[in-house]
Amino acid sequence: MLYFNFPQMKEIQDQIPKEDLYTEEGDRTYGLEDESHTTLLYGIDRGVQLDEVVDILDDFTYSPCKIHNASVFTHPNYDVLKFDVSGANLKETNAALTENLPYKNDFPNYKPHLTIGYVKSGLGKKYTDLFEDKEYDLIPKYAVFSSPPNKKDKIVIKVKKK
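What counts as what
Residues numbered from 1 in each chain as written. Predicted model: local features only at pLDDT ≥ 70, side-chain atom pairs only at ≥ 80, totals over all residues. Heavy atoms only, no water. Pairing = 2+ DSSP bridges. Helix = DSSP H or I, 4+ residues; strand = E, 2+ residues; numbered from the N terminus. Contact = heavy atoms within 4.5 Å. Axes fitted to C-alpha atoms, helices over the stretch in contact; angles between N-to-C directions.

A. Quick look at the sheet that holds strand 9 (residues 151-155). Pairing in this open sheet of 4 strands is antiparallel, and the strands run 2-1-8-9 from one edge to the other. With one partner strand each, in any of the chains shown, strand 2 (37-38) and strand 9 form the two edges of the open sheet. Where strand 1 (residues 2-4) meets strand 8 (residues 140-147), 3 bridges bridge the pair, whose relative direction is antiparallel. Within strand 8, the position partnered with Phe 4 by the bridge is Pro 140. Against the sheet, helix 2 (residues 50-57) contacts strand 8 and strand 9, and its axis sits at roughly 30° relative to strand 9.

In structure tokens form, the structure reads like this:
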């Protein structure tokens, strides 16, 4: 995951009433996103080691990313409210990770995005309309490699500020 400092996220999320959020008892993966990031590759196998990921990420330099185009991924139970993310080397990093690491996911087309939160099914459009003019340029801070059980390793990345 590529992390950003995105203080405006709180202002955006504050516009979503609690009753519109999709949550599941005991599962904090739903509701509002609490870590502003874009996933570089979802579903990396448990056996992959941190140094394997670091070796791949070391080949890339990241620039400010454009966070824009509020949109949704739909699911029968909820809408994933998100912004699209565009920036140098996001798709290239995904390609390198998929070519070099074992992984499993149901998403064959990589679509870099930053999740705002999960809202009840059918409510996503209400918020894409509300946030349609929002656009931000954010500088990536670092990457994180998540591995079981709930371990998160911070990875230093190369960033070109402009």
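B. Inspection of the sheet that holds strand 6 (residues 113-120) at higher detail. Strand order in the open sheet formed by 4 strands is 6-5-4-7, with antiparallel pairing between adjacent strands. The two strands at the open ends of the sheet, each matched to only one other strand, are strand 6 and strand 7 (136-138). Neighbour-to-neighbour, the strand axes of the sheet open up by a mean angle of 35°, direction not taken into account. Bridging between strand 4 (residues 65-74) and strand 5 (residues 78-86) involves 8 bridges; their strand directions are antiparallel. Considered in strand 5, the bridge of Ala 70 is made with Phe 83.

Note that every value here comes from positions in space, so none of it alone points to a role or purpose.
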